[in-house]
Amino acid sequence: MSLLRVLLAIFFPPLSVLGKGCGSVVIVFLLTLCGWVPGVIGALVILNKPN
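Visitor: Explain the packing of helix α3 (residues 22-34) against helix α4 (residues 36-48) to me, please; I cannot follow it from the model alone.
Guide: Relative orientation and spacing of two packed helices are given, respectively, by the angle between their axes and the distance between those axes. It is the contact of α3 with α4, at a shortest axis distance of 6 Å, that shows an interaxial angle of 155 degrees. Taken together, the axes of α3 and α4 are roughly antiparallel relative to one another. The segment α3 lies against α4, with Ser24, Val28, Leu31 and Thr32 engaging Trp36, Pro38, Gly39, Gly42, Ala43 and Ile46.

Visitor: Looking at this structure, how should I read α3?
Guide: Along an α-helix, residues three or four positions apart point the same way, because every turn accommodates 3.6 residues. The terminal C-alpha atoms of α3 lie 19 Å apart, and with 13 residues this matches the ideal 18 Å at 1.5 Å per residue to within 8%. Among all positions in α3, only Ser24, Val25 and Val28 are buried. What you see down the axis of α3 is that its buried residues fit within an arc of 100 degrees, all on one side. For α3, the exposed residues set more than 90 degrees away from the buried face come down to Cys22, Leu33 and Cys34.

What counts, and where the lines are drawn
Residues numbered from 1 in each chain as written. Predicted model: local features only at pLDDT ≥ 70, side-chain atom pairs only at ≥ 80, totals over all residues. Heavy atoms only, no water. Axes fitted to C-alpha atoms, helices over the stretch in contact; angles between N-to-C directions. Helix = DSSP H or I, 4+ residues; strand = E, 2+ residues; numbered from the N terminus. Parallel < 35°, antiparallel > 145°, perpendicular 65-115°, else oblique. Contact = heavy atoms within 4.5 Å. Expected span 1.5 Å × (residues − 1). Buried < 20%, exposed > 50% of the residue type's maximum accessible area, 1.4 Å probe, protein only. Arc of directions from axis to C-beta.

Written out as structure tokens, the structure reads:
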């Protein structure tokens, strides 16, 4: 997880998980619509998962 991805996860969560697949982007986008904090947490969890 790079510093750029972490910063993107904080400021625009759906953009940070763009390379993880369409489903991840949709999930993080919906979480961000529910609130900024759930979107950030979801993005950081997805970015922290090993592939």
